Amino acid sequence: MTDQPSTTDPRQSARSWPDVPGLLYGGDYNPEQWPEEVWAEDARLMQEAGVNVVSLAIFSWALLEPREGTYEWGWLDRVVEVLHGAGIAIDMATATASPPPWFSRAHPESLPVTEDGTRLWWGSRQAYCPSSTSYREAASRLAGAVAERYAAHPAVRMWHINNEYGCHVAHCYCDASAAAFRTWLQARYGDLDALNTAWGTAFWSQRYGDWEEVIPPRASPTWRNPTQQLDWWRFSSDALLELYRAERDAVRAHSDLPITTNFMASRFKPLDYLAWGREVDLVSNDHYVIGEDPAPEVELALSADLTRGLARQAPWLLMENSTSAVNWQPRNLAKTPGQLRRHALSHVARGADGIMFFQWRASRAGAEKYHSGMLPHGGTDTKLWREVVALGAELAGLAEVTGTPVAASVGLLWDYESWWAVELDSHPSQDVTYLAAVRQVYEALWRKGVTVDFVHPEEDLGGYDLLLAPSLYLLTDAGAQALDAHVRTGGCLVVGPFSGIVDENDHIRLGGYPGALREVLGVRVEEFFPFAAGVQHALSEGGSGRTWSELLHLDGAQAVRTWADGPLPGTPAVTRHRHGDGTAWYVATTLDDASLGGVLDDALHEAGVAPAAPVPAGVEVVRRGDRLFVLNHTGEPVTVAGTTVDGGGAAVVQGG
Amino acid sequence: MTDQPSTTDPRQSARSWPDVPGLLYGGDYNPEQWPEEVWAEDARLMQEAGVNVVSLAIFSWALLEPREGTYEWGWLDRVVEVLHGAGIAIDMATATASPPPWFSRAHPESLPVTEDGTRLWWGSRQAYCPSSTSYREAASRLAGAVAERYAAHPAVRMWHINNEYGCHVAHCYCDASAAAFRTWLQARYGDLDALNTAWGTAFWSQRYGDWEEVIPPRASPTWRNPTQQLDWWRFSSDALLELYRAERDAVRAHSDLPITTNFMASRFKPLDYLAWGREVDLVSNDHYVIGEDPAPEVELALSADLTRGLARQAPWLLMENSTSAVNWQPRNLAKTPGQLRRHALSHVARGADGIMFFQWRASRAGAEKYHSGMLPHGGTDTKLWREVVALGAELAGLAEVTGTPVAASVGLLWDYESWWAVELDSHPSQDVTYLAAVRQVYEALWRKGVTVDFVHPEEDLGGYDLLLAPSLYLLTDAGAQALDAHVRTGGCLVVGPFSGIVDENDHIRLGGYPGALREVLGVRVEEFFPFAAGVQHALSEGGSGRTWSELLHLDGAQAVRTWADGPLPGTPAVTRHRHGDGTAWYVATTLDDASLGGVLDDALHEAGVAPAAPVPAGVEVVRRGDRLFVLNHTGEPVTVAGTTVDGGGAAVVQGG
Amino acid sequence: MTDQPSTTDPRQSARSWPDVPGLLYGGDYNPEQWPEEVWAEDARLMQEAGVNVVSLAIFSWALLEPREGTYEWGWLDRVVEVLHGAGIAIDMATATASPPPWFSRAHPESLPVTEDGTRLWWGSRQAYCPSSTSYREAASRLAGAVAERYAAHPAVRMWHINNEYGCHVAHCYCDASAAAFRTWLQARYGDLDALNTAWGTAFWSQRYGDWEEVIPPRASPTWRNPTQQLDWWRFSSDALLELYRAERDAVRAHSDLPITTNFMASRFKPLDYLAWGREVDLVSNDHYVIGEDPAPEVELALSADLTRGLARQAPWLLMENSTSAVNWQPRNLAKTPGQLRRHALSHVARGADGIMFFQWRASRAGAEKYHSGMLPHGGTDTKLWREVVALGAELAGLAEVTGTPVAASVGLLWDYESWWAVELDSHPSQDVTYLAAVRQVYEALWRKGVTVDFVHPEEDLGGYDLLLAPSLYLLTDAGAQALDAHVRTGGCLVVGPFSGIVDENDHIRLGGYPGALREVLGVRVEEFFPFAAGVQHALSEGGSGRTWSELLHLDGAQAVRTWADGPLPGTPAVTRHRHGDGTAWYVATTLDDASLGGVLDDALHEAGVAPAAPVPAGVEVVRRGDRLFVLNHTGEPVTVAGTTVDGGGAAVVQGG
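Numbering of residues begins from 1 in every chain and follows the order in which that chain's sequence is written. Each chain takes a letter, starting from A, and each ligand takes a number, starting from 1, following the order in which they are written. Local features in a predicted model are, by the rule used here, given only for residues with pLDDT of at least 70; side-chain atom pairs are given and counted only at 80 or more, and totals for whole chains, interfaces and linings are based on all residues.

### Some remarks on the relation of the copies chain B and chain A
Now for step 1: Fitting of the copies onto one another was done by least squares over C-alpha atoms, counting residues only where both copies have pLDDT of at least 70. Between chain B and chain A, which share one sequence, the superposing operator has a rotation angle of 120° and an axial displacement of 0.0 Å; the RMSD is 0.0 Å. Interpreted geometrically, this transformation is the action of a three-fold axis. Within chain B, the C-alpha atom positioned nearest to the axis of rotation is that of Thr118(B), 5.0 Å from it.

Here it is, written out as structure tokens:
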């Protein structure tokens, strides 16, 4: 089957959505960077571009509250009226993204501290400790004040809490953070005996005898306790989530409008956005392609599908992307003709009900002045402005897409705790990393025209014909049971190397790897045999593996690929196990792309999964609602589903 | 024309020069490292080598003032007499280059602090904060005491203030530096509103409400404010200059002899030597080639021409270079036969009226013991000693060169503020850097035998037929007007990419790039298109560009080179604009060397500039006064201007 | 000659050896990581594997002394009885390797500080300053308490002090360390004048006027004083040795059993193990191969031979190695079939009278859980367990080897002070490093089947036909005289580049390099000519040199290899000098391996040294007592001394 299991409108299941008709279109608006006379021109040009919403006041703290407790609303009131007059809806920010210098100077203990004890200063942005009481109180107070002032204004349709939580300071190692960490651990473990057991402190004489001895994983002579580190990742995500909740509650006290904060899925590791996704009224995401990525459209698609997963397959909002170059990469490549449009349509195809940019008008000063905007330094007589105007018009014509579901019958298992755990230090090979494993499997399916949902192993897996677990190092008993049940009841499962190895405390599951998945995979692994840097070894069936191999015994499974050379010639590299009514595959190495594609073809076939449409190389297809999105990332025209699409072009085909 | 516009003796315009006949020849002399019985041998060997001047007491603080306020002059008095007896002139240092351990221990607040708060300790050298009051007072006191004692001694002919200011500590981030930075900013901006505007603090909630909130760009979560950083570079150069002035004034109170301090042009970025050049009686410079540079002679020539520019084309003194290897590079390559001589003659050809070395006698202990000296560890029965003696004799024969001008009719625009600004973070591409751009253009001309003067865009540009601006990112209105006037009145101008982009506050000049040069270049650029790492794209006329391209519209200019492929096929890569009576070229990429050479050939032809002499590859020619210097850096003999020069050799041809 | 000069049983000269018959076999045992019910299974499986000794309680501080002064012996008493009941001997640790969290919290001043002032925290292991009084007192107290409790227990046969001293914290820069450094310097130099002379503080105004001014080489603006750095290495090794002595003496007060602490020769630089070797009753060593080393067996052999040298050629104990992969390399390669056995036999062949592993049972939690054990996560139905059992049985059959000497008539000169000195900063080339030079010469001989003893130049050199000095930068007068005497009396000597350059204070020996060896080598060097990165130059006799060349004059020696190109064509690269009754060779570059092999062939021939047996490539042969060990590291069968050995296999041939 190629249809989404549920036929209900996912928009219905989104907890709420801002009251703006059609697809949202707009960007961050920072009028304080410009003379007041520019604002009217902004509003006029927004109308010309089809903008229907802007995010306002994200970095306005220093202007809104120039001294502690003193508010200056006048200028913002005037901006709101200008926008309202032009029919532009407002996503109003709580203005707390970066505390002003006066705050940091008055509350120096709120400044973040790195793991080696370096205090970070103001002068850039986000210079606050996530566990700072003074910051939390000041931010909540300002959030409440903003909400109180603007809750009733008809232009305001939603709330934007803070901004990209943790993007620069995801962890703080100060004494206040240490105290908060202890409180969090007490809630998790109850008593020190439980912590000592979970952290395995019998190792290296690490046993804690008093809660006050427990500290963050600060700079230390060598590898810090791995479970301490894992809990530190958990705590740090929760510490920022607590900040979010405090602001959200301060806003909710004044308004029932939808509330969000902008995520940074896909490459951002510190926040467990699956947990965060439950705390927002609608999921919004910021995504920027890496210009030097050989296939930025694949990484973009991954981000969009993942964001939909964080929204539990409901529509979501692309809160930020760029019209062209950004400013923070080593080389900030501009978008080539057509890229802006294809990128926006890929997001829409994958569930976005709005496309917004950082930012409306490119800055003339500051650290982001070379970040492209909707309105570039060169003004309106530019290619970029014309593309922005054209995109606004095109999206206006796609209003019917809003709320429709994205079709996917393949689930890709995603888990932040597994990401954190698999990349801890002192592991068998530093070449086994989370995103690389996910990306390779994701890209193989993207190239086949197969769309995936991102799902957590302990959430609802029903309705997926095929589950992929490219990297699931940490797996709880419940997660393992869910995968087993999926296969026993007729599902297909493909597991990547170094999965199912540890429990939630990062303790090895003994008796042969992969402890949590031995039975479902029908294999038993004695030992890991990682490869030296850059080495690959041949498979008997053709192709090769790199990075990793395993001394693997078949225990019910059959060998599908076998090593021709390397440290373990003749032993299995890929296995397939009939288990209950389904099948479980184990890919015990990093296959070359073609070999992986072959294994996945077999698994797709076995699971009865077909692509959204047959596609030539470099063409992206996604089915959403009754539309087929065809995005041609090649330079040559292609014909897909009877429609010819120019090189670099795109088509949205009804029925399709 | 190929002659220097002014025919007056530039020596006349030098504010002063030490009273030593002929070219200066000598080096740093550190007698305190050797038993007193060695001093007489030193004096005798100096005479044998033709040494007529040495720099004395540069690192003698600990011996001259072994306890605060207690001086021990005796040993230095004896050294002075030994030298005087041998007829060696003395460049007497103020002995303040490195405070002794007792000073640092007594004044720990004088130790420098890095941007992450690390305090640096004594145990090496130069361990002081540029804004330290205790250091400034102690150094000035010692400088005055030295001057008072030796001002009247006939052997002393000039003063050497401190040593290589900032070579290890150019910036300090301590609280005293923060206070000094605020004072400097108050002088620059008057009030906080002006600072907030200049720094663009509406961005990221950075507005300052109290002067005490303003701090150095210390370690911070992400990119610090760019204008804050730019002002930090300005302030840091000025802070050290203030130290220099304090010592200089303390010396001047006792003596009218010429005063200098040794610069480190060409690769040293922190000091605005154009400003420093106005504060010394004669410009002196330290230069060391990078052994692994594929063409060290080019970088040496650049340094020499730049130093002449810092001296406003007057003669200058090479205060330090090395007879052979240094000690501070990863691999310290010794000079091959002939290199010592060619290097010295290149400096003389380019305006040096003296060649001095670090150091007279190679040390046997300490961090610089593997730095070559005039007298090596191996003694006088060595190739090196013989070369040193021969060079001394040869320079004695070139006394008539002193004071004569170097012929150049091409000006290369050099600006430290532009250097600082163009290399700030979060720019379009990290591959666009200052020295690389300057070096490529400089080297192209060096290979053609064309000598350039280094000039600042806001100083006198009269008399140059051709101006080159390989990298002029920051350009003031006055600078832009000067370039415009140069072209309108018949001059030729060649501009490199990413020039004319921002004003003195690092604010973008809006309305299309390059804002300050749009009119003179006759182009309008919408957007930058940097290339991925290592990428180059072909030009329709042959050759290629790397690093960078621009979406460029002709606005009066004509296209001279056009992109054949890359992100912008068919658009211009190099343009030429007839503007008033002159011509302005825009090279909107990093051309390959051959293509750049071709463009420059056309510009040179257009400007009527001919080389000093036609040269084969690898041969350097410079005209100074009535001499033609021919330096053969190849292994084969060449004939230039009728003179045959052996491989590795050199000739100074009268008339030529 | 190919026999060891002494025919006495070296075991006799070992100060003592634990009372365990035959070769020791076992590993670290950490029962506190497992439930008590596992202990009996451990004992049973140890018997199955032939284990006769385990190291116990290395990281048990937190459990043995859970609060200051409160001991809990019960659990350890029970472990001791379980082992005793199974006939397993105990190497009892003092449990001081890592202080528990309560200790560090109670004594924060005991935490180590890096050179930039960063305090390191607990949470990993070994978080203590080597000069901490509180740590030394607490560790000694615990060591005494452990010894007091278990000295009389019949299962306990030896003591294991602490663990891998300095492996993470070899240097601490805190104020207590500074004070201890001053005390150490006062003992070395007596007064400040002597220190000032030795450190050459006339350089850079570094003269010390008060002992309180003397500090560790903390972070500083640039290169710290080289002699200060060299003394810092000396002091740091001694500071840890003082800790060892304190624990040892506390144990000795209760027991006369042999005492050791585990070294980490070969790659570990901070400790002068030649000095440490005099302080232990038997030398024990930990060695782990680097999986990505192209020839790990060579580095292993080097380590084993060096360890024998630290034991002054007496038998020694391999206290730790791994059965397969470790956890701390970037990619932890598992051992391939046969490697475990070959590695163990190589150690035995080279003097080990015991083979022990870290650790008995692979951990399920903590930073070392991916370190292989004797009993892997997969249990006993594994290749690894079977290999461990088989090795135990094989070693039991080799009991007669214990105490027999290793045959070697070549001495390789090894000196930690030279290592420290040659790798100080600001040297002619960073490519000239200690281990690389030693490894190249060692490997050349390994491949020829020639075994070497590691010896210090100032210890007994009698009986060696050939001495090799691949890197002996620092050489005292006594050392130089010993080498001279060796050659004059008929010995052969081969010296590598940049040897004999400085005295014990790191002062250059003047008058031409290599000052200490000019006479014995019959050469005089004017100047070093290091090469640029990656460069090599040809020799006239074929082959090439890289890294380095010298402007060298023959002063009695003859040229054996000559530069064909490079900076010094026609000058000597390798020389040979008949001196007295012997011959001294000078290899004044880094030869390619084949050329070095040729030079060494000539020197071996000249010295009359033959290999243990003629060997094909990749086969290792060593003669110990009356056995010939043949280790086949290739994949193909080979026949050596009439015995055929399978690919990957090994044989111990009696007579041979």
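### Digging into unusual backbone geometry
Now for step 1: Going from Phe358(A) to Gln359(A), the amide bond is cis rather than trans, its omega being -5°.
Now for step 2: Helix numbers and strand numbers start at the N terminus; a helix is a DSSP run of H or I with at least 4 residues, a strand a run of E with at least 2. By secondary structure assignment, the location of Gln359(A) is in the loop between strand 9 (352–357) and helix 13 (383–396).
Now for step 3: Cis geometry marks the peptide bond from Tyr513(B) to Pro514(B), where omega comes out at -20°.
Now for step 4: By the secondary structure assignment, Pro514(B) is in the loop between strand 13 (492–495) and helix 17 (518–521).
Now for step 5: The backbone of Glu164(A) shows a phi angle near 35°, a positive value even though the residue is not glycine.
Now for step 6: For Glu164(A), the location among the structural elements is in the loop between strand 4 (156–160) and helix 7 (175–189).
Now for step 7: Three classes are used. A residue is buried when 20 or more other C-beta atoms lie within 10 Å of its own, exposed when 12 or fewer do, and partly exposed in between, with C-beta atoms placed from the backbone. Since 20 C-beta atoms lie within 10 Å of it, Glu164(A) is described here as buried.

### Some points on the UniProt feature "binding site: Zn(2+)" (unreviewed entry) in chain A
Residues and elements named next belong to chain A.
Now for step 1: UniProt positions are given in the numbering used here, feature names are shortened, and annotations may be inferred rather than shown by experiment. In the numbering used here, UniProt assigns the feature "binding site: Zn(2+)" (unreviewed entry) to Cys129, Cys172 and Cys174. A stretch of 46 residues holds the annotated residues, and the largest C-alpha distance among them is 7.9 Å, short enough that they meet in one place.
Now for step 2: Topologically, Cys129 is positioned in the loop between helix 5 (101–106) and helix 6 (133–150).
Now for step 3: Contact definition: two residues whose C-beta atoms, as placed from backbone geometry, lie within 7 Å. The residues contacting Cys129, other than those within four sequence positions of it, are Ser110, Leu111, Pro112, Tyr135, Cys172, Cys174, Ala176 and Ser177.
Now for step 4: With respect to the element layout, Cys172 can be found in the loop between strand 4 and helix 7.
Now for step 5: Aside from chain neighbours lying at most four places away, what touches Cys172 is Pro112, Val113, Cys129, Pro130, Ser131 and Ser177.

### Here's the deal with the interface of chain B and chain A
Now for step 1: Between chain B and chain A, the contact holds 49 residues from the first and 54 residues from the second.
Now for step 2: When residues of the side of chain B that touches chain A are traced back to their parent elements, those giving at least two are helix 9 (226–252) and strand 14 (523–528) of chain B.

### A short note on the sheet that holds strand 16 (residues 544–546) of chain A
All names here are of chain A.
Now for step 1: At least two DSSP bridges between two strands are required for those strands to pair. Spatial strand order, 15-16-21: 3 strands in an open sheet with antiparallel pairing. Of all the strands in the sheet, the pair left with one neighbour each is strand 15 (536–538) and strand 21 (590–591).
Now for step 2: Of the strand pairs in this sheet, strand 16 and strand 21 are connected by 2 bridges, and their pairing is antiparallel. In the strand pairing of strand 21, Arg546 is matched with Thr590.

### Describing the environment of Leu554(B)
All names here are of chain B.
Now for step 1: Positionally, Leu554 belongs in strand 17 (residues 550–554).
Now for step 2: Look at Leu554 and you get partly exposed, because 15 C-beta atoms sit within 10 Å.
Now for step 3: Along the primary structure Leu554 and Ala478 are separated by 76 residues, whereas in three dimensions their C-alpha atoms are 25 Å apart.
Now for step 4: Discounting chain neighbours no more than four positions away, the residues touching Leu554 are Gly522, Val523, Ala559, Pro572 and Thr575.

### Topic: the nonpolar core
Nonpolar side chains in soluble globular proteins tend to be buried together.
Now for step 1: What we call a nonpolar core is a set of buried Ala, Val, Leu, Ile, Met, Phe, Trp, Tyr and Cys residues whose membership is set by joining through C-beta atoms within 7 Å. Counting 672 residues, the largest nonpolar core has Leu493(A), Leu493(B) and Leu493(C) as its most contacted members.
Now for step 2: With near-sequence residues (within four places) excluded, Leu493(C) lies in contact with Leu467(C), Ala469(C), Leu483(C), His486(C), Val487(C), Val520(C), Ala584(C) and Trp585(C).

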